[in-house]
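Observations on chain architecture
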Amino acid sequence: MIRRDLAPKILSMAEKFPVVTVTGPRQSGKSTLVRSLFPHYRYVTLEDEDVRALAQNDPRAFLDLYDDRVIFDEAQRAPSLFSYIQGVVDKNNAPGQFILSGSQNFLLMEAISQSLAGRAAVLHLLPLSLHELNEAGLRPASVDEWLLTGGYPRIYDVGIDPADYYPSHVQTYLERDVRTGSGILKLAEFERFLGLCADRTAQMLNKEDMARDCSISPKTIESWLSVLEASFITLRLHPYYRSYGKRLVKTAKLYLCDTGLACCLLGMEEREEVVLSEKHGALFETAVVTEMAKAFAARGRRAKLYYWRDSSNKEVDLIIERGAAPADIIEVKSSATYNPRFFKSLGELGELMGVPTTHRHVVYAGNESFATSMGNVVALADVAQIV
């Protein structure tokens, strides 16, 4: 089993909170991880119809059976159970009583906010990071191979071809999560919209253009984007809010959360297609942003990630904010060959924002990380070290 970077945080939270919730996209390894971390806990999946029926119809009797040291998998399938869990938690007031996991974040978080606020630690398990694969000796042979393969654990567990895995993954997501959890019934239209998001990954979000291309309203685009974000399929990167004397672009950028999924939706099945594609730069930038998001999630922290662009199109791809101030600035280059010119924008903005050279980074597609007088050159596999 591949060691997950989130594991120590889960164990730590179980010593402090009566309920620990692990959510994330479908097939990101949540069930496998919590069962390995808590081997002496009883495991109950609410996917089982008989189990779910008892939890929904007689929650008191259900919790008499499973009142402590238990894992409830796909917990969002029985949202009415959460108020009764609250009663058990408040009565016993002991840490680590329940471990909840689920893939439908929009349902799970609604149930937690209504019944378990302040009682549950909420952690997010995203697909495998390059750091995790590297530690396990399973790192893909090249950056472009990583872009094509993505990070879903089953691909590495059983050696399945990404071209075989992702189409089934998409259909399962549409049928299980979108239809049952969000109320969306137009699955064919939603699938086309998902493909359009892949086509526009790492681009400025233009909801009006997307609405026109999908023949739906901008309001529906916003609603569907919220579903994708709650499912950990996409994320939005907002512009940094301080102007520093410049007129700034205020539109968010859209990213898919896994490049393997993006490649599938774009119809790419071979590494050569990725290398030669006009989307290569966008896919590499997507990989950097999502690796950064994974690094924060593994520490149980919300990623304060932004980008910066002014009206003259000067841009820095990533800003990490700490303490209401920019702490690190990052430029992304899909070239495997380093060039000192990569630091040009970082130098200008770094001086403007007061970010020292030690916190200016160029992430590139090469294999070696090293320091220069202008800042740090970082290989994709080492992105987590910035966090």
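Up top is the structure these notes are about.
It should be emphasised that the depicted structure is a prediction, and the values quoted were computed from it without experimental measurement.

Parameters and conventions
Residues numbered from 1 in each chain as written. Predicted model: local features only at pLDDT ≥ 70, side-chain atom pairs only at ≥ 80, totals over all residues. Heavy atoms only, no water. Helix = DSSP H or I, 4+ residues; strand = E, 2+ residues; numbered from the N terminus. Rg over C-alpha atoms; globule rule 2.2 N^0.38 Å. Buried < 20%, exposed > 50% of the residue type's maximum accessible area, 1.4 Å probe, protein only. Arc of directions from axis to C-beta. Contact = heavy atoms within 4.5 Å. Phe/Tyr/Trp six-rings, centres within 6.5 Å; stacked < 30°, edge-to-face > 60°. Pairing = 2+ DSSP bridges. Axes fitted to C-alpha atoms, helices over the stretch in contact; angles between N-to-C directions. Polar contact = N/O pair within 3.5 Å; in protein donor to acceptor, adjacent residues only side chain to side chain.

1. As for the overall build of the protein chain
When helices and strands are tallied, the protein chain shows 17 helices and 14 strands. The C-alpha radius of gyration computed for the protein chain amounts to 22 Å, which stays within 12% of the reference 21 Å derived for 387 residues, consistent with globular compactness. Seen through its principal axes, the protein chain has C-alpha atoms that stretch 65 × 45 × 45 Å. A burial count over the protein chain gives 52% of its 387 residues as buried.

2. Side note on helix α2 (residues 30-37)
K30, L33, V34 and L37 are the residues of α2 that are buried. Buried residues of α2 fall within an arc of 90° about the axis and therefore sit on the same side. For α2, the secondary structure elements touched by its buried residues are α1 (7-14), β1 (19-23), β3 (70-73) and β4 (98-102).

3. Notes on the packing of aromatic side chains
A complete count under the given rule lists 15 aromatic pairs for this structure. Judged by centre distance (5.4 Å) and plane angle (70°), the rings of Y240 and Y306 are edge-to-face. With a gap of 66 residues between them, Y240 in the loop between β7 (234-239) and β8 (253-256) and Y306 in strand β9 (residues 305-309) connect regions that are remote in the sequence. An angle of 80° between the planes, with centres 6.1 Å apart, marks the rings of Y338 and F342 as edge-to-face.

4. A look at the sheet that holds strand β10 (residues 315-322)
Strand order in the open sheet made by the nine strands is β6-β8-β7-β9-β10-β11-β12-β14-β13, with mixed pairing throughout. Each edge of the open sheet is held by one strand with a lone partner, namely β6 (203-204) and β13 (370-371). Pairing between β7 and β9: two bridges, direction parallel. Each bridged residue has a counterpart across the sheet, and for H238 the counterpart in β9 is Y306.

5. A closer look at the sheet that holds β3
The parallel open sheet is built from five strands, whose spatial order is β2-β3-β4-β1-β5. Edge strands, defined here as strands with exactly one partner in the open sheet, are β2 (42-45) and β5 (120-124). Looking at each pair of strands side by side, their axes are set apart by 20° on average, direction ignored. Sheet strands touched by helix α5 (residues 81-92): β1, β3 and β4. Its angle to β4, the strand with the most contacts, is close to 160°.

6. Focus: the environment of R212
Considering the arrangement of structural elements, one finds R212 in helix α12 (residues 207-214). When the C-alpha positions of R212 and V178 are compared, they lie 22 Å apart, and in sequence the two are 34 residues distant. At 2.4 Å, the side chain of R212 and the side chain of D209 are in polar contact.

7. Description of unusual backbone geometry
With a phi close to 50°, R69 is a non-glycine residue in the positive phi region. Residue placement: R69 occurs in the loop between α4 (59-65) and β3. Notably, F232 is not glycine yet its phi reads approximately 60°, a positive angle. Under the relative-accessibility criterion, F232 is labelled buried at 13%.

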